[in-house]
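Topology and contacts: notes
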Amino acid sequence: MTKIIPQYVTTDIILASTLRTKGVKLDQIKMVDKKRGAFYFNDVSEELLLQFDAQQLDVEPIAFNQMRVSLSTAIKRLQD
């Protein structure tokens, strides 16, 4: 049985983009310093994180890139 993490936080924009592309709900973004944001996710499958760490997780490249740009833009807006 896959463990579900109720709230998962990462500052890794690549991981955040991957999770969003896989349909994981992003709860909020908070700035941790002048350039980095922390991404707060709800109900993240531990199996999904293990697959990401093992580089065994596939995402559609165009959707992933669009999500990465979107999250980067959100961080830039929070910097203002």
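Report follows, based on the coordinates. Computed from a prediction, not measured in an experiment: that's the story for all the values here.

**Details of the overall build of the protein**
- A tally of regular secondary structure across the protein gives 3 helices and 3 strands.
- Its helices and strands in sequence order give the protein the pattern β-α-β-β-α-α, from N to C terminus.
- For 80 residues, the compact-globule estimate of 2.2 N^0.38 gives 12 Å, and the protein sits close to it at 13 Å.
- C-alpha extents for the protein along the principal axes are approximately 45 × 25 × 20 Å.
- Per-residue burial for the protein yields a buried fraction of 29% across its 80 residues.
- Of the accessible surface of the protein, which amounts to about 5,400 Å², a share of 50% is contributed by carbon and sulfur atoms.
- If you average the places of the 11 positive and of the 10 negative side-chain charges in the protein, the two averages end up 9 Å apart.

**Looking at helix 3 (residues 61–79)**
- For helix 3, with 19 residues, the first-to-last C-alpha span of 27 Å sits near the 27 Å given by 1.5 Å per residue.
- Buried residues along helix 3 sit against helix 1 (13–21), strand 2 (25–31) and strand 3 (37–45).
- The N-capping residue of helix 3, defined by a side-chain oxygen 3.1 Å from the backbone nitrogen of Ile 62, is Glu 60.

**Here's the deal with the pairing of strand 2**
- Note that strand 2 and strand 3 share 6 bridges and pair antiparallel. The residue bridging Ile 29 from the neighbouring strand is Phe 39, located in strand 3.

**Remarks on the side chain of Thr 10**
- Looking at the secondary structure, you find Thr 10 in strand 1 (residues 4–10).
- At 3.0 Å, the side chain of Thr 10 and the backbone nitrogen of Asp 12 are in polar contact.
- Those residues in contact with Thr 10, other than ones at most four positions away along the chain, are Leu 15, Ala 16, Gly 37, Ala 38, Phe 39 and Phe 41.

**Considerations on the pattern of salt bridges**
- Under the defined criterion, the tally for this structure stands at 2 salt bridges.
- Residues Lys 25 and Asp 27 are paired through a salt bridge, measuring 4.0 Å at the closest nitrogen-oxygen approach.
- According to the relative accessible area criterion, Asp 27 is partly exposed, its value standing at 37%.

Definitions and cut-offs
Residues numbered from 1 in each chain as written. Predicted model: local features only at pLDDT ≥ 70, side-chain atom pairs only at ≥ 80, totals over all residues. Heavy atoms only, no water. Helix = DSSP H or I, 4+ residues; strand = E, 2+ residues; numbered from the N terminus. Rg over C-alpha atoms; globule rule 2.2 N^0.38 Å. Buried < 20%, exposed > 50% of the residue type's maximum accessible area, 1.4 Å probe, protein only. Areas by Shrake-Rupley, 256 points an atom, 1.4 Å probe, with all protein chains shown as cover. Lys, Arg positive; Asp, Glu negative; His and termini not counted. Charge placed at Lys NZ, Arg CZ, Asp CG, Glu CD. Expected span 1.5 Å × (residues − 1). Contact = heavy atoms within 4.5 Å. Polar contact = N/O pair within 3.5 Å; in protein donor to acceptor, adjacent residues only side chain to side chain. Pairing = 2+ DSSP bridges. Salt bridge = Lys/Arg side-chain N within 4 Å of Asp/Glu carboxyl O.

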